[in-house]
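Here's the letter readout for the chains.
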Amino acid sequence: MLIGDLSQCFLLLAAPSLCVLGTLLQAVKPQPPTAAAPYPSPPLSLDVEDESLRHIEESLRPNVHDVLHNVTNAHAKRHVNDPFRTKHLEIRNLNLSYVANRTRLAKKVVVVEGDILLGGLMMVHERGNEEVCGPIMPQGGVQALEAMLYTLDFINKEEEFIPGVKIGAHILDDCDKDTYGLEQAVDFIKGSISNIDDGEYKCRDGSSPEVRNKVISGVVGAASSVTSIQVANLLRLFKIPQVSFFSTSPELSNKQRFEYFSRTIPSDHYQVKAMVEIVKLLNWSYISIIYEESNYGIKAFEELEGLLAINDICIAVKEKLVKDSGVAEEVAYDMIVKKLLQKQRARGVIIFGSDQEVAGVMRAVRRNNATGSFSWIGSDGWSARSLVSSGNEPEVEGTLSVQPQANPVDGFDNYFSGLTVQSNKRNPWFIEYWEDHFKCKHPKSPVTKYNRNYTQACRENEKLTNNNTEFEAQLQFVSDAVMAFAYAFKNMHHHLCGGHPGLCPRMSPINGEELLSYLRNVSFTGLSGDNFTFDQNGDGPARYNIIHFKQLSPGQYAWITVGQYIEGELKLEMDVLQFKLDDPSPPSSVCSLPCHTGQAKKYVEGESCCWHCFNCSTYEIVNPNDETQCLSCSWGTLPSEDHLTCVPIQEVYIQPGSWWAIGAMLFSSLGLVMTGVVMWVFVSYNDTPVVKASGRELSYVLLSGVLLCYAMTFVFILKPSDVVCGIQRFGLGFCFAVVYSALLTKTNRISRIFNAGRTTARRPSFISPKSQLCICFFTVSIQIVVTALWCFVSPPKAIHHYLQREDNFLVCAASINASYMIAFAYPIGLIVVCTVYAVLTRKIPEGFNESKYIGFTMYTTCIIWLAFVPIYFTTANNVELRITATSVTISLSATVALVCLFGPKLYIILFHPERNVRQSMITIPKNPALLSSNLSSSSQRMDSGTQSEVIFPVDYELHEKIRTMGCGSRTASNSATQTCPASSCSLPDHHCGPLHLITPRHSTNSSSSTNGPVQDVTDVHL
């Protein structure tokens, strides 16, 4: 039912002109709904040269539109509830539009007779503002039409191409307007409507209208994407394949919507990619985009916007060019240029549009004195077109354009140059082209608004030449579109007709579905010499030339090829580019220049490519993940010179090669040598009275502690690590604990011996060498336990210490606070106790009295450490000085102990060996009372178990009286020694032999007085 209505509706387009007017006048009479007949419309091929018909048409013109409206309204009232009739009315309204346009411009057609007909839809004219069609379009219009005719002539000359079959054409003009192009395309579907009963249509004279149904097997065109979309939607209903030559919209690659559409030119999807690659190569990051208000421009802009965003390229201005809605006024172009001028840093501009609109932009650039302000990247719709560049050369200069790769059609230039108005009768628009080209008025052409100003008449001697004619560079795509159909017909004829001459029944008529399958699988070498095949989307191969509009010399401009874009790879000859004759380098098109190294960005609100630069502070770097922020470097690091990374500060610790370390090590080494000498002397004189009297075992322990003190210097100058810090923590307290534990044990022993002598004759306990060592080791072990607990609670570790931002001291954790006092706490307690004992034992006999040396050692040590404390805390920012001060302080403490305690002994051993005897260990006190009291107690104890073999003090007079009692009275002698013969002197339980006594410093006379009753001193060994 729907097809029937469509058939009746489209029959309106097939009746002769005069007949349709009469029929329309009669159609206003009421008719039964079932007998409603379609209303024929004016023919599509009215001969405009017929003056009689022209007068009739003009006389009826005021009434045609009203008549059609009345007929349609009446028909609508009768079939208001019939959906199929409603569809019928919609298509009739299409004819109303046609009739209205028909009154403004007579329709022309190019007809080439043939067995198989191809429809052609060419952009012969530009769009008009007040009229449907504007002025002639010389390159993309007339030349494209002639390229189609030339290719058909070439094919038809080949007799064996399709045996017995000629390919004809029915070519119309769409005037670069989608709605008008759709109306024109109705011609292509007439022959596809088969259920037409033309018998019911009669003219006034009773004759039947002559209806010639030309079956169009395929359509070449249209040029514009928006027109192709409209036509494709119509042709797909009747399964008529369509091949476009200039339509590049990516939307047309959607075969679910446009399954019968193909094209020999590649999709704009690849053209957009090529444009973005050019922008990237020119280092542009801030550009403007102008695109036409059509499917061609809008779809391209959508893809451009996405690709530019992916590549961090910002769009400064986005403006539309009027296309589908009419022809823009010049003021509209001026507004666009003014908006471009507001973004002065966006000098790169992509224009995706057609030549007519872009030409308006270039004129506006000149009017607004903006010539040279922009560098254009053009689409294939306007670049290399004289309509744009002619007269606008300075404005177009420097343009880079992406053009589908096309080669000249072989022989076409000679063919076109040989055309004249007289010889080219089949092209009804060629006379307009001739007038436009030579700017003359041809005598056979009507007066139009476009030729009325030509004062010169066209002459017969005018001729087209290569010098005065600019040829369209993309005519290969027109020729390939015709060749694609021709090879599809050839392959189809070979398979369906077996190669027999003429059309077989299977190709009469041609099935559109079958033709489409043959069409998509063609492969041939075109007249340009290039191989051609359709891709999976029915598009042409993605091959592009990059062309450049360059000023070769002052005033001489030309489009030259400077690169290629093939299969996603851009090759551009940068050294050939010349954007201006006096300044060939590419212009800068960035909103903000890149920030200097180490600067962060602050973006301008609403602009992702515009920013202000600011410096990060002294200790900050630019955030590597966010260039708008600065990050503070962590302690121990400083920004690099470029403020991009944080560089670790060199660790500061005392180096063994520094003068501070060398000085400390020299001092400690000297102390080690001195300690070694003392130990060697003591070992060498191990059995002498001086060594014995000093307490050999504890002396060796004390020397070991002094040795450790000196060795600690070498530990302190090692690079801090967890192990080194642990050794420092242990050794610092341990060495002092050893020294002062030995001193404490010694002073405690002396004090206990002499204190016990005043109260009892019993020998004190724990005064043997083994006991003394046990006591000493016990006191040292306390320090070991304390250090072990300290290490368990707070494990030693090396850390980085930062006193100031630029510092990075590698130190032991315990050294940066008062933690080392834990190591010193116990040794300090030992020092205090030793000092107390030194004071308590200051009055014992000099042979046993080391208290003054111990006291001097303690006093000096306290002074040293009191001086060390402020030095330590005031040198916190100088690691080398602090460690040196600590090492020297420890070494000084050891040196004081070594010199004060062992110096007097070494002096006697080495320089006064005569005093290194047992008698020198006993001195007679100046106070006899003291001697008496000592004699009454101390002389009764054995000394062999005390201080090695120390001899206790014995009163000189006591010995004399004892001798007198056994041998008679004898005058005391000042001699250092006396003898007592064994036969004349006998002491109880004693052996008489040489007795060595210390000679008193002051001689005294023997007195008969005694110091009390003589007691038996059986345990005293003199």
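Look above for the structure.
Residues numbered from 1 in each chain as written. Predicted model: local features only at pLDDT ≥ 70, side-chain atom pairs only at ≥ 80, totals over all residues. Heavy atoms only, no water.

**Describing the sheet that holds strand β18 (residues 569–572)**
Right, on to step 1. Strands sit in the order β10-β9-β11-β12-β13-β16-β17-β18 across an open sheet of eight strands; the sheet is mixed. The two strands at the open ends of the sheet, each matched to only one other strand, are β10 (314–321) and β18. Neighbouring strand axes in the sheet, compared pairwise and without regard to direction, differ in orientation by 25° on average.
Right, on to step 2. As paired strands, strand β13 (residues 400–404) and strand β16 (residues 543–553) are joined by five bridges and run antiparallel to one another. If you follow valine 402 over to β16, its bridge partner there is isoleucine 546. (Pairing = 2+ DSSP bridges. Helix = DSSP H or I, 4+ residues; strand = E, 2+ residues; numbered from the N terminus. Axes fitted to C-alpha atoms, helices over the stretch in contact; angles between N-to-C directions.)

**Quick word on unusual backbone geometry**
Right, on to step 1. Look at the link from glycine 221 to alanine 222: it is a cis peptide, with omega at 0°.
Right, on to step 2. With respect to the element layout, alanine 222 can be found in the loop between β6 (216–220) and α7 (225–235).
Right, on to step 3. Residue proline 509 is bonded to the preceding serine 508 through a cis peptide linkage, with omega at 0°.
Right, on to step 4. If you trace the backbone, proline 509 turns up in the loop between α16 (475–497) and α17 (512–520).
Right, on to step 5. At aspartate 312, a position not held by glycine, the phi torsion is positive, near 55°.
Right, on to step 6. Within the secondary structure, aspartate 312 sits in the loop between α9 (295–310) and β10.
Right, on to step 7. In this structure, alanine 384 takes a positive phi of about 65° despite not being glycine.
Right, on to step 8. Tracing the backbone through its elements, the reader meets alanine 384 in the loop between β12 (375–378) and α12 (386–389).

**Here we look at a nonpolar patch on the surface**
Right, on to step 1. Taken together, Met821, Ile828, Val832, Val836 and Leu840 make up a surface patch of nonpolar side chains, about 460 Å² in accessible area.
Right, on to step 2. For valine 832, the position within the fold is in helix α23 (residues 820–840). (Patch = residues over 30% accessible without salt bridge, like charges linked within 9 Å, V, L, I, M, F, W, Y side chains within 5 Å. Areas by Shrake-Rupley, 256 points an atom, 1.4 Å probe, with all protein chains shown as cover. Salt bridge = Lys/Arg side-chain N within 4 Å of Asp/Glu carboxyl O.)

**A word on the nonpolar core**
Right, on to step 1. Met122, Met148, Phe245, Phe412, Phe416, Phe430 and Phe489 are the most contacted members of the largest nonpolar core, which has 72 residues in total.
Right, on to step 2. Secondary-structure elements contributing two or more residues to this core are β1 (110–112), β2 (116–122), α5 (138–157), β5 (167–173), α14 (412–417), α15 (430–438), α16 and α17.
Right, on to step 3. By residue number, the principal contributor to this core is α16, which donates 14 residues.
Right, on to step 4. Counting residues in hydrophobic clusters, the runner-up holds 64 residues, among them Val681, Leu732, Met858 and Leu901. (Core = buried A, V, L, I, M, F, W, Y, C linked by side-chain atoms within 4.5 Å. Buried < 20%, exposed > 50% of the residue type's maximum accessible area, 1.4 Å probe, protein only.)

**Details of the state of the cysteines**
Right, on to step 1. Taken as a whole and judged by the stated rule, the model has nine disulfides.
Right, on to step 2. At a sulfur-sulfur separation of 1.9 Å, the disulfide partner of cysteine 497 is cysteine 504. Here the disulfide of cysteine 497 and cysteine 504 is left-handed, its torsion about the S-S bond being about -70°. For the pair cysteine 497 and cysteine 504, a shared accessibility class is recorded, and that class is buried. (Disulfide = S-S within 2.5 Å.)

**Things to note about the packing of aromatic side chains**
Right, on to step 1. Tallying each qualifying case throughout the model produces 34 aromatic pairs.
Right, on to step 2. A ring pair is formed by tryptophan 635 and tyrosine 802, whose centres lie 6.1 Å apart and whose planes are at 40°; its orientation type is tilted. Of this pair, tryptophan 635 sits in the loop between β22 (630–632) and β23 (637–639) while tyrosine 802 sits in the loop between β25 (798–801) and β26 (809–812), and the two are 167 residues apart along the sequence.
Right, on to step 3. Given the relative accessible area of 47%, tryptophan 635 is considered partly exposed.
Right, on to step 4. Here tyrosine 802 falls in the partly exposed class, since its relative accessible area comes to 27%.
Right, on to step 5. Seen in terms of ring centroids, phenylalanine 682 and phenylalanine 902 are 5.4 Å apart; in terms of plane orientation they differ by 75°. Their pairing is edge-to-face. With a gap of 220 residues between them, phenylalanine 682 in helix α18 (residues 659–684) and phenylalanine 902 in helix α25 (residues 879–911) connect regions that are remote in the sequence.
Right, on to step 6. Taking the relative accessible area as the measure of exposure, phenylalanine 902 reaches 2% and is therefore buried.
Right, on to step 7. What links up through ring pairs into an aromatic cluster is the set Tyr150, Phe412, Tyr415, Phe416, Phe430, Tyr433, Trp434, Phe438 and Phe471.
Right, on to step 8. The ring of phenylalanine 161 has lysine 490 lying over it, and the distance from NZ or CZ to the ring centre is 4.9 Å. (Phe/Tyr/Trp six-rings, centres within 6.5 Å; stacked < 30°, edge-to-face > 60°. Lys NZ or Arg CZ within 6 Å of the ring centre and 35° of its normal.)

**Quick look at the sheet that holds strand β7 (residues 242–244)**
Right, on to step 1. Sheet architecture is open: six strands sit in the order β1-β5-β2-β6-β7-β8, paired in mixed fashion. Only two strands of the sheet have a single neighbouring strand rather than two, namely β1 and β8 (261–263). Pairwise comparison of adjacent strand axes, ignoring direction, gives a mean angle of 20° for this sheet.
Right, on to step 2. Where β2 and β6 come together, four bridges link them in parallel fashion. Paired with leucine 118 across the bridge in β6 is glycine 218.
Right, on to step 3. The sheet strands contacting α5 are β1, β2, β5 and β6, and the helix crosses β5 at an angle near 175°.
Right, on to step 4. Contacts from α16 reach β2, β5, β6 and β7 within the one sheet, and its direction differs from that of β6 by about 155°. (Contact = heavy atoms within 4.5 Å.)

**Some points on the packing of helix α20 (residues 696–716) against helix α22 (residues 769–793)**
Right, on to step 1. Between α20 and α22, the shortest axis-to-axis distance is 9 Å and the interhelical angle comes to 30°. If you check the angle between α20 and α22, you find them roughly parallel. Side by side, α20 and α22 meet where Glu697, Leu698 and Val701 of the first sit next to Pro769, Gln772, Leu773 and Cys776 of the second.
Right, on to step 2. For the contact of α20 with α22, the residue count by class is five nonpolar, one polar and one charged. (Parallel < 35°, antiparallel > 145°, perpendicular 65-115°, else oblique. Nonpolar A, V, L, I, M, F, W, Y, C, P; charged D, E, K, R; others polar.)

**A short note on the side chain of aspartate 530**
Right, on to step 1. With respect to the helices and strands, the residue aspartate 530 is situated in the loop between β14 (523–525) and β15 (531–533).
Right, on to step 2. No salt bridge is formed by the buried aspartate 530. Its closest oppositely charged neighbour is arginine 543, at 4.6 Å.
Right, on to step 3. Side-chain polar atoms of aspartate 530 contact the side chain of glutamine 476, separated by 3.2 Å.
Right, on to step 4. When neighbours within four sequence positions are excluded, aspartate 530 is seen to be in contact with Asn407, Gln476, Phe524, Thr525 and Arg543. (Lys, Arg positive; Asp, Glu negative; His and termini not counted. Polar contact = N/O pair within 3.5 Å; in protein donor to acceptor, adjacent residues only side chain to side chain.)

**What about the packing of helix α8 (residues 268–281) against α9?**
Right, on to step 1. At their nearest, the axes of α8 and α9 sit 9 Å apart, and the two run at 45° to each other. With respect to α9, the element α8 is oriented oblique. The hand of the α8/α9 crossing is right-handed. Taken together, the residues of α9 that come into contact with α8 (itself represented by Asp268, His269, Val272, Lys273 and Val276) are Tyr296, Ala300, Glu303, Leu304, Leu307 and Leu308.
Right, on to step 2. Among the residues forming the contact of α8 with α9, the class breakdown is seven nonpolar, one polar and three charged. (Left-handed = near helix turned anticlockwise from the far one by under 90°.)

Take it as geometry only, folks, not as evidence of what the structure does.
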